[in-house]
Amino acid sequence: TQMSANAIPGVSVAVGIADAPIWSRGYGFADLENFVPATERSRYRLASISKPITAVALLRLVEAGKADLNDDVRRYVPEFTEKQWPVSLRQLLSHLGGVRGYNGTESVTTVHYDHVREGLAIFASDPLAHQPGSKYLYSSYGFNLAGAAAEVIAGKPFRELLQDSVFAPAGMSATSGLNAIAHAV
């Protein structure tokens, strides 16, 4: 009912206790373009779930003393062109950085980026929507920028950073950094 009402093409559901699955099943399609049915093992784009995952990775770097939340993002990502005001990592993680949201059909692109920093070209030269810290503006691009900073701070590809600092420690063996990159831009 929820899938029909909300135009959800596919979903995978599992119920279990600890590491013992009790029941699992897929419904609908995991890939509409190729008519691939959803199963209990289907992998999906993480979509906006990428935001808290990116935040965890960046905050672990901050916790390790490798960066400060008040650092200007340009310290790590100079290709984000200079703006009228600096934008801090803290502001990016709280949607207060003034980085614009999607324009037109940008959110439905099927362009694949191997690295987080490749997607910066879409918005890096655009002006800020407002002075950072003055207004809330939900921004996937702000998190793309935070992920790019995390990649530089860690000195390793974003995919490896997520695997090492988020997925492996959390026991998320079926989650891929590639899925996070897919939505990060």
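Here the structure is a predicted model, which is why all the values come from computation and not from measurement.

1. Considering the packing of helix α2 (residues 50-63) against helix α4 (residues 140-154)
Next, step 1: Relative to each other, α2 and α4 sit at 35°, their axes nearing to 9 Å. Of the two elements, α2 crosses α4, and the hand of that crossing is left-handed. Contacts between α2 and α4 pair Lys51, Thr54, Ala55, Leu58 and Leu61 from the former with Ser140, Phe143, Ala146, Gly147, Ala150, Ile153 and Ala154 from the latter.

2. Points about the pairing of strand β2 (residues 20-31)
Next, step 1: Here strand β1 (residues 10-17) pairs with β2 via 8 bridges, running antiparallel. Bridge pairing in β2 places Gly16 opposite Pro21.
Next, step 2: Between the antiparallel neighbours β1 and β2 lie 2 residues, among them Ala18 with a positive phi of about 55°.
Next, step 3: Connecting the antiparallel pair β2 and strand β3 (residues 36-37) is a turn made up of 4 residues, with Phe35 showing a positive phi of about 55°.

3. Looking at the confidence of the model for the protein
Next, step 1: For the protein, mean pLDDT is 90; residues scoring 70 or higher make up 95% of the total.
Next, step 2: Confidence drops under a pLDDT of 50 for residues 179-185, and excluding neighbours within four residues, the segment shows 29 contacts in the predicted structure.

4. Things to note about the environment of Ser176
Next, step 1: Assignment of secondary structure puts Ser176 in the loop between α5 (158-167) and α6 (177-184).
Next, step 2: A sequence separation of 36 residues divides Ser176 from Ser140, and the C-alpha atoms of the two residues are 19 Å apart.
Next, step 3: Those residues in contact with Ser176 that lie beyond four places of it in its chain are Arg43, Leu46 and Phe167.

5. Structural notes on the packing of aromatic side chains
One pair of aromatic rings is described through two measures. These are the centre distance and the angle between the planes.
Next, step 1: Under the criterion given, the structure shown has 4 aromatic pairs.
Next, step 2: Ring geometry for Phe80 and Phe123: centres 6.4 Å apart, planes at 55°, overall tilted. Here Phe80 is found in the loop between α2 and α3 (89-93), whereas its partner Phe123 is found in the loop between α3 and α4, with 43 residues between them in sequence. The pair Phe80 / Phe123 is uniform in exposure class, with both members buried.
Next, step 3: Look at Phe123 and Tyr141: their rings are 4.6 Å apart centre to centre, the planes differ by 15°, and that puts the pair in the stacked class. Taken together, the positions of Phe123 in the loop between α3 and α4 and Tyr141 in helix α4 put the pair 18 residues apart, joining distant regions of the chain.

6. What about the side chain of Glu151?
Next, step 1: With respect to the helices, strands and loops of the structure, Glu151 is situated in helix α4.
Next, step 2: Buried within the structure, Glu151 lacks any salt-bridge partner; Arg117 is the closest side chain of opposite charge, at an N-O distance of 4.7 Å.
Next, step 3: Setting aside residues up to four positions removed in sequence, Glu151 forms contacts with Val116, Arg117, Lys156, Pro157, Phe158 and Leu161.

7. Thoughts on the side chain of Lys83
Next, step 1: For Lys83, the position within the fold is in the loop between α2 and α3.
Next, step 2: Within polar-contact distance, the side chain of Lys83 engages the side chain of Thr81 at 2.8 Å.
Next, step 3: One polar contact links the side chain of Lys83 to the main-chain carbonyl oxygen of Asp126, over a distance of 2.9 Å.
Next, step 4: Setting aside anything within four residues of it in sequence, one finds Lys83 in contact with Ala124, Ser125, Asp126 and Leu128.

Reading the values: the criteria
- Residues numbered from 1 in each chain as written.
- Predicted model: local features only at pLDDT ≥ 70, side-chain atom pairs only at ≥ 80, totals over all residues.
- Heavy atoms only, no water.
- Axes fitted to C-alpha atoms, helices over the stretch in contact; angles between N-to-C directions.
- Helix = DSSP H or I, 4+ residues; strand = E, 2+ residues; numbered from the N terminus.
- Left-handed = near helix turned anticlockwise from the far one by under 90°.
- Contact = heavy atoms within 4.5 Å.
- Pairing = 2+ DSSP bridges.
- pLDDT = per-residue confidence, 0-100.
- Phe/Tyr/Trp six-rings, centres within 6.5 Å; stacked < 30°, edge-to-face > 60°.
- Buried < 20%, exposed > 50% of the residue type's maximum accessible area, 1.4 Å probe, protein only.
- Lys, Arg positive; Asp, Glu negative; His and termini not counted.
- Salt bridge = Lys/Arg side-chain N within 4 Å of Asp/Glu carboxyl O.
- Polar contact = N/O pair within 3.5 Å; in protein donor to acceptor, adjacent residues only side chain to side chain.

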